[in-house]
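Listed below, chain by chain, are the residues.
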Amino acid sequence: MKFRNIFTAVSVIAGSIGFAANASAEISDNSINIGVVTDATGGWSDSVGQGAFIASQMAVNDMGGSVNGAPVKLIMVDYTKEIAIHKQNTGKSKVDYKVVAEGIAKNLESEHNIDAISELSGSTIAIPTQLYARDKGIVTLVVGAGSTTLTGKNCSETGFHWSFDSYALAKGLGKVIAEDNKRDKWYFIGLKGPFGEDAVKNSKPVIKVNGGRVVGKSMFPYGYGATNFFPAIEEARNSGANVIAIANAGAEAIASIRQVRESGIFEKGGTIVSLLTLLQDIRKLGLYTSRDLQFVSPFYWNFDAKTRDFTKRFISRHGAVPSAAQAAMYSATLHYLRAVQASGHDKGVVVANKMRALPISEKDPFARNAIIRKDGRVVHDMYLLEVKSPKESTEAWDYFKKVRTIPGNEAFKPISETECKYAK
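Enquirer: I'd like a description of helix 3 (residues 79–90), backed by residues and values.
Expert: When the terminal C-alpha atoms of helix 3 are compared, their 16 Å separation across twelve residues agrees well with the 16 Å that a helix rising 1.5 Å per residue should span. Among all positions in helix 3, only Tyr79, Glu82, Ile83, Ile85 and His86 are buried. The buried residues of helix 3 occupy one face: seen down the axis, they fall within an arc of 160 degrees. Elements in contact with the buried residues of helix 3: strand 2 (32–38), strand 4 (70–78), helix 4 (97–112) and helix 5 (123–136). Sitting at the amino-terminal end of helix 3 is Asp78, which places a side-chain oxygen 3.0 Å from the backbone nitrogen of Thr80. In the segment just after helix 3, Gly91 is the residue with positive phi, at about 70 degrees.

Structure follows, in structure tokens:
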């Protein structure tokens, strides 16, 4: 399949031709080339998109624009546009995400000799991209996808899962809601595919061990823009559920949360939880609609001085506060470049191993108490957050309050349970 107009933005940050002449021989093409494959025009664009690209630029700038004399280049690809081209070319509404993802990766490799591919929101894009990159020695820095298979059966020696995954999101929610609120009957509204199915699968044992059970689920095809969730909400009402768990993302998550509120199903008790909620989703919903919603997240801009300082810098470039995914992009890009600097390599297992061995920077605003495991999972603290009521919010973007910190070794699947062949 032929991809047209694939590269929507190209940025060479600082660096110069003079620097490149002195670059390490182990840096391919005397240039460090990072592809930012993201949703720039679709339902997740506010949470990743241009903001993810800007976060990467900030990391490059903080490294001085070059590493070991080699300039750093960022190439942004809008995979949402490529999906639209794929539909047009095939004449079908059903998308072959493997074809789209591999097509993007092949173009990045052939046209830009790409060394690393980052962001990759959506597991249907992230998984085939990582598998393609694995065979080519290309580093993948997955930020916006949640499938645990990225560090399980689909893991890579050069692959890293930086932010959340469905196991950590489900475990934190299931344990806390069952223990604290005595909610024991769960109904899931989610996406078919790696993330939604993973979320339900990983939630069941956590809910069960805390005295609850899953009483039903309604799953919708990924990428079809489902907007009417009222039939699923009615099924949840009939099942006797006292927890509705939203395993959607982006526009579908916003619509389903709003419709649960509008249905009045929990006017006299019950809980809405979301497996994947980003700051921009709450901005679109509004605090009245989303008040008291609980979810697990790896980052919030207003935690402390470190996160607020990063946010101030980000706002000056993007005009909005960073989502967790955008903050993770800064973290992942910075750590990759530090590993390039320390190893003298920008591609392959050598730099990947250096990433695992190198401690996360103390200045990193995203990853707290973090380690990088052999399976590529970045283990860090997670947080149970709750959306404030309109009365509790005191400034712009002041949406969340922290209920508790979930240490990384409690949040993420133990490496003893991994299916990753490289970690055994």
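Enquirer: Describe the nonpolar core, and please don't skip the residues or the numbers.
Expert: Within soluble globular proteins, side chains that are nonpolar tend to cluster in buried spots. Formed by 134 residues in total, the largest nonpolar core has its most connected members in Trp162 and Tyr336. Tallying contributions element by element places helix 13 (residues 324–343) first for this core, with twelve residues. Among all residues touching Tyr336, those that are not within four sequence positions of it are Ile32, Ile34, Asp115, Ala116, Val139, Leu141, Asp346, Val351 and Met355.

Enquirer: Got a sec to walk through the state of the cysteines? Specific residues and values, please.
Expert: Tallied over the full model, the rule gives one disulfide. The disulfide bridge from Cys155 ends at Cys420, spanning 2.1 Å between sulfur atoms. Handedness here is read from the sign of the S-S torsion; for Cys155 and Cys420, about 85 degrees, the answer is right-handed. Note that Cys155 is positioned in the loop between strand 6 (139–142) and strand 7 (159–161) and Cys420 in the segment after helix 15 (408–411), a separation of 265 residues in sequence. Classification of Cys420 by relative accessible area gives buried; the value is 0%.

Here is what the cut-offs are and how they apply
Residues numbered from 1 in each chain as written. Predicted model: local features only at pLDDT ≥ 70, side-chain atom pairs only at ≥ 80, totals over all residues. Heavy atoms only, no water. Helix = DSSP H or I, 4+ residues; strand = E, 2+ residues; numbered from the N terminus. Expected span 1.5 Å × (residues − 1). Buried < 20%, exposed > 50% of the residue type's maximum accessible area, 1.4 Å probe, protein only. Arc of directions from axis to C-beta. Contact = heavy atoms within 4.5 Å. Polar contact = N/O pair within 3.5 Å; in protein donor to acceptor, adjacent residues only side chain to side chain. Core = buried A, V, L, I, M, F, W, Y, C linked by side-chain atoms within 4.5 Å. Disulfide = S-S within 2.5 Å.

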